[in-house]
Amino acid sequence: MDINIGSLLTKRAYLSPQLEAIVEPTTGRRLTYRQLNAAANRVSNALLGLGIRKGDRVALLLMNGAEFVETFFGAAKIGAVVVPLNWRLVPDELEFILADSGAKVLLYSEEFAAVAAELNSRGDRTGVESWVQAGGAAGDFAANFDAWIAMASDDEPPVRGSDDDLLFIMYTSGTTGLPKGVMHSHSTVMWSMLTIAATADVHYADRYLISLPMFHVGALSPVLGSLYRGVTLVVLKAFDPKLSWELVGSEKITTTLMVPAMLQFMLAVYDPDKHDCSSLRWVMSGAAPVPVSLINTYQGMGIEIHQVYGLTETCGPGCLIIGDDAVERAGSCGKGFFHTEVRVVDEDGKDVAPGETGEVLFKAPHVMLGYWNRPEATEETIVDGWLHTGDVATMDADGFVTIMDRVKDMLISGGENVYPAEIENVVLSHPGVADVGVIGVPSAKWGESPLAVVVRKDESLTEAEVIEWCRGKLAPFKLVKSVVFTTDIPRNPSGKILKRMLRDQYKVTASE
C-alpha cells in the first residue's frame, strides 16, 4: 500500500470524527478530527489553485496552532514538500533557506508580517511566488489565510506523493556554518510514527500538551505521531510555565514534551496547593542530557521523566527510556526505539566496550534521505547505512545509552577527555543554580579547563561555592576551575545550549 502522510488524517477523521484533535487555549478554538481534516482539504485545494503540484515546496513561518497542522497535512495530501521555518531567524537567514529550498509559497502568521514584508521587498531573491498571511490584515502582496481557504472546497483532493517522495525539508540550526536541509519522505515519517507508537507510552485519546515550536522535529514528530494515534493536542503558541500547570489540571493533560530548561522553569512556579497534576503520567524530555536531580525531583511529585534522544536526521526517534527504567537508570536516555538500531563506536568505527565512550550511530528506516543539494555532506554523515551523529555516549552491557556531549563540545584537560554536559549535570544539582553552560577555555597548565557560566537562583551564590560543590562529585581533572555569572544561557529552539556563543562571549584564559 502506498503511504501518503496527509491521507492518514483522512483515515483518523473517518475513524474518530468527534474526537478533539486540537485545542488552542489562548484562542478558545477546539477542532474535532473531522473539522481538522476538512480544513486541511481546503488548504490542499487552495494550494492547487495557486498552481502548486507534487514536489513543489511550501514554506511555513507559522507559530504553533491549527494553521500549522492544517497546512502541513494539506500540503502532504497533494504531494507538496513542506519547509518549516525557524521564526527566530532574521530575514537574511530566512532568505537563504527560501532560495536554497526553492519554496514557491510562504505562509506566515501575523507576528511575522514585518519580516514577510521585508522578504517580499527583496524581489525574486527569495524565489517565493505566493504569500499568505494567517491572522491580522495582510499586506497588499499577500492573501488572507481565512479568506484564501474559505473559497476552496473541503472535498478530498487528488492524493499525490507517497513512500520515498519528499514530505518535508527541515533546516538544521546552522551553528557550524550555513544551515543544511534535512530531507524526509512519506516513508521515513511513517516509520518514525510507527517506532514512536511502538515504544512510547502514548494511548488513544491521550491529551498531549505541546509548546515547543513545531518548526523543530522535536515537536513536529510528536504532533504527527499524536494525530496518527488519535491523541488530542493542546497547543500553546509559546511556552508559559504557569499556564502549562493550569492546563495540566483543566485539560487533564496526560503527557507532554519539555526540554530540561522548561522543566526547571516549571518547578520554579509549581504550587502543590494550586496545581493538580494527577492526570500527568509522564513527560518526555530531551535536546540535552536531563540532570538526574531534576528527574528525582519530578519523581517525588509522582511524574516520570522519560529522557529521549534523537535528531532531525532521524526524524526524531533515537533512544528512549521507559517504564521502571526511567527511575532506576535515571540519567540514561534508554535503548534504541523499536525500529532503531544503535551503536557506539571508536574513531575506527569499531564498537566500544560497555561503559566506554564513543560516537553514537543509528540505522533505521526513519533516517533521513540526505541533505538537500548537499551530496558530499550526506556521504560524510551516512556511511554504509549508518548515520553518524557526532554525539558522544556510553552504552552499558544491557544496551542503555547515556549521552555525554557533542564531539565538537568535548574539551581536553591534561590529556583527558572532558564532557561539559557531565559537569553541567553536577552544577545544576546545586540548589542555588537555575541554569548553566560549561565550555573549555585555554589553560597554560592543562591545555583547556572547564569554565561554568551560571545563572543564579540564589543571588548570594559565589564562585567558590560552585567550585566546592563539584569537589568530590567529579574527578579532579573534570572540576570547574572558574565560574562567571550571567542572566541567561543562549539556547537554540530545541533547547540545546549554543556553546559557540558562550565561547565567543567568554574569551578568557584559566588562571591555573
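Our structure's up above, just so we're on the same page.
Description of the structure in this document. (Residues numbered from 1 in each chain as written. Predicted model: local features only at pLDDT ≥ 70, side-chain atom pairs only at ≥ 80, totals over all residues. Heavy atoms only, no water.)

**Let's talk about helix α4 (residues 91-101)**
Here's step 1: Three or more residues of α4 are buried, namely L94, E95, I97, L98, D100 and S101.
Here's step 2: Looking at the buried residues of α4, the elements they touch are β3 (57-61), β4 (81-84), β5 (103-109), α5 (113-120) and β8 (166-171).
Here's step 3: G102 sits one or two residues past α4 and shows a positive phi near 75 degrees. (Buried < 20%, exposed > 50% of the residue type's maximum accessible area, 1.4 Å probe, protein only. Helix = DSSP H or I, 4+ residues; strand = E, 2+ residues; numbered from the N terminus. Contact = heavy atoms within 4.5 Å.)

**A word on the sheet that holds strand β16 (residues 335-336)**
Here's step 1: Spatially, 9 strands are ordered β2-β1-β11-β10-β12-β13-β14-β15-β16 in an open sheet, and the strand pairing comes out mixed. In this open sheet, the two strands that pair with only one neighbour each are β2 (29-32) and β16.
Here's step 2: Two strands pair when backbone bridges link them, and strand β1 (residues 20-24) and β2 are joined in this way by 4 bridges, in the antiparallel orientation. Residue pairing across strands places I22 opposite L31, the latter belonging to β2. (Pairing = 2+ DSSP bridges.)

**Some words on the state of the cysteines**
Here's step 1: For the coordinates displayed, the defined rule picks out 0 disulfides.
Here's step 2: Free cysteine: C333, not disulfide-bonded; nearest cysteine sulfur from C319 at 4.5 Å. (Disulfide = S-S within 2.5 Å.)

**With respect to the pattern of salt bridges**
Here's step 1: Applying the stated rule across the entire model yields 26 salt bridges.
Here's step 2: One salt bridge in this structure joins K252 and D276, with 3.8 Å as the shortest N-O distance. Of the two residues, K252 sits in the loop between α9 (241-250) and β12 (255-257) while D276 sits in the loop between α10 (260-269) and β13 (282-285), which places them 24 residues apart along the sequence.
Here's step 3: Given a relative accessible area of 46%, K252 falls into the partly exposed group.
Here's step 4: Residue classification places D276 among the partly exposed positions, given a relative accessible area of 36%. (Salt bridge = Lys/Arg side-chain N within 4 Å of Asp/Glu carboxyl O.)

**A few points about the packing of aromatic side chains**
Here's step 1: Counted under the stated rule, the structure contains 8 aromatic pairs.
Here's step 2: With 6.0 Å between their ring centres and 20 degrees between their planes, W87 and F112 make a pair best called stacked. Placement of W87 in the loop between β4 and α4 and of F112 in the loop between β5 and α5 is noted, with a sequence separation of 25 residues between them.
Here's step 3: On the basis of relative accessibility, which here comes to 17%, the residue W87 falls in the buried class.
Here's step 4: Note on F112: relative accessible area 8%, which makes it buried. (Phe/Tyr/Trp six-rings, centres within 6.5 Å; stacked < 30°, edge-to-face > 60°.)

**What about the nonpolar core?**
Here's step 1: Counting residues in each nonpolar core, the largest one holds 88 residues, and the members touching the most others are F72, F73, F168 and I210.
Here's step 2: Beyond its immediate stretch of four places on either side in the chain, F73 contacts I5, G6, L9, A40, L224 and L227.
Here's step 3: Grouped together as the second largest cluster of nonpolar side chains are 26 residues, V81, F112, F215 and W372 included. (Core = buried A, V, L, I, M, F, W, Y, C linked by side-chain atoms within 4.5 Å.)

**As for the sheet that holds strand β25 (residues 433-443)**
Here's step 1: Spatial ordering of the open sheet is given by β25-β26-β27, a layout of 3 strands whose pairing is mixed. Bordering the open sheet on either side are β25 and β27 (482-486), each of which pairs with just one other strand. Averaged over all pairs of adjacent strands, the angle between their axes in this sheet comes to 25 degrees, without regard to strand direction.
Here's step 2: Pairing of β25 with strand β26 (residues 447-456) involves 10 bridges; the strand directions are antiparallel. (Axes fitted to C-alpha atoms, helices over the stretch in contact; angles between N-to-C directions.)

**A look at helix α8 (residues 217-229)**
Here's step 1: With 13 residues, α8 ought to run about 18 Å at 1.5 Å a step, and its terminal C-alpha atoms sit 18 Å apart, in line with that.
Here's step 2: Within α8, 10 of the 13 residues are buried, leaving the element largely enclosed by the surrounding structure.
Here's step 3: The complete set of buried residues in α8 reads V217, A219, L220, S221, P222, V223, L224, G225, S226 and L227.
Here's step 4: Just beyond α8, the residue with positive phi is G230, at close to 80 degrees. (Expected span 1.5 Å × (residues − 1).)

**Looking at the environment of L294**
Here's step 1: On the secondary structure map, L294 appears in helix α11 (residues 292-300).
Here's step 2: Distance from L294 to V82, taken between C-alpha atoms, is 36 Å for residues 212 residues apart in sequence.
Here's step 3: Sequence-distant contacts of L294, defined by excluding residues within four places in its chain, comprise P260, L263, Q264 and L267.

**Observations concerning the packing of helix α7 (residues 186-199) against α8**
Here's step 1: Here α7 crosses α8 at 75 degrees, and the two axes come no closer than 9 Å. In this view, α7 runs roughly perpendicular relative to α8, as classed from their interaxial angle. Contacts from V189, M190, S192, M193, L194, I196 and A197 in α7 reach S221, L224, G225, Y228 and R229 in α8.
Here's step 2: In terms of residue class, the contact of α7 with α8 is made up of 8 nonpolar, 3 polar and 1 charged. (Parallel < 35°, antiparallel > 145°, perpendicular 65-115°, else oblique. Nonpolar A, V, L, I, M, F, W, Y, C, P; charged D, E, K, R; others polar.)

**Some thoughts on the pairing of β1**
Two faces make up the sheet, and in a regular strand the side chains alternate between them.
Here's step 1: Counted residue by residue, β1 has 4 buried out of 5 residues, so it is predominantly covered.
Here's step 2: If you look at the hairpin formed by β1 and β2, you'll find 4 residues sitting between the two strands, and G28 has a positive phi there, around 85 degrees.
Here's step 3: Judged from the 2 bridges that link them, β1 and strand β11 (residues 232-235) form a sheet pairing that is parallel. Of the residues in β11, the one forming a bridge with V23 is V234.

**Some thoughts on unusual backbone geometry**
Here's step 1: In this structure, D163 is a non-glycine residue whose phi angle is positive, near 50 degrees.
Here's step 2: Structurally, D163 is set in the loop between α6 (145-150) and β8.
Here's step 3: Given a relative accessible area of 27%, D163 falls into the partly exposed group.
Here's step 4: The phi torsion at N373 lies on the positive side, around 60 degrees, for a residue other than glycine.
Here's step 5: Summarising the element assignment, N373 is placed in the loop between β19 (370-371) and α13 (375-381).

**Topic: the pairing of β8**
Here's step 1: Most of β8 sits out of view: 6 of its 6 residues are buried.
Here's step 2: As defined by bridge partners, β8 adjoins strand β9 (residues 181-185) across 5 bridges and the pair is classed as antiparallel. Its bridge partner lying in β9, M170 is registered against V182.

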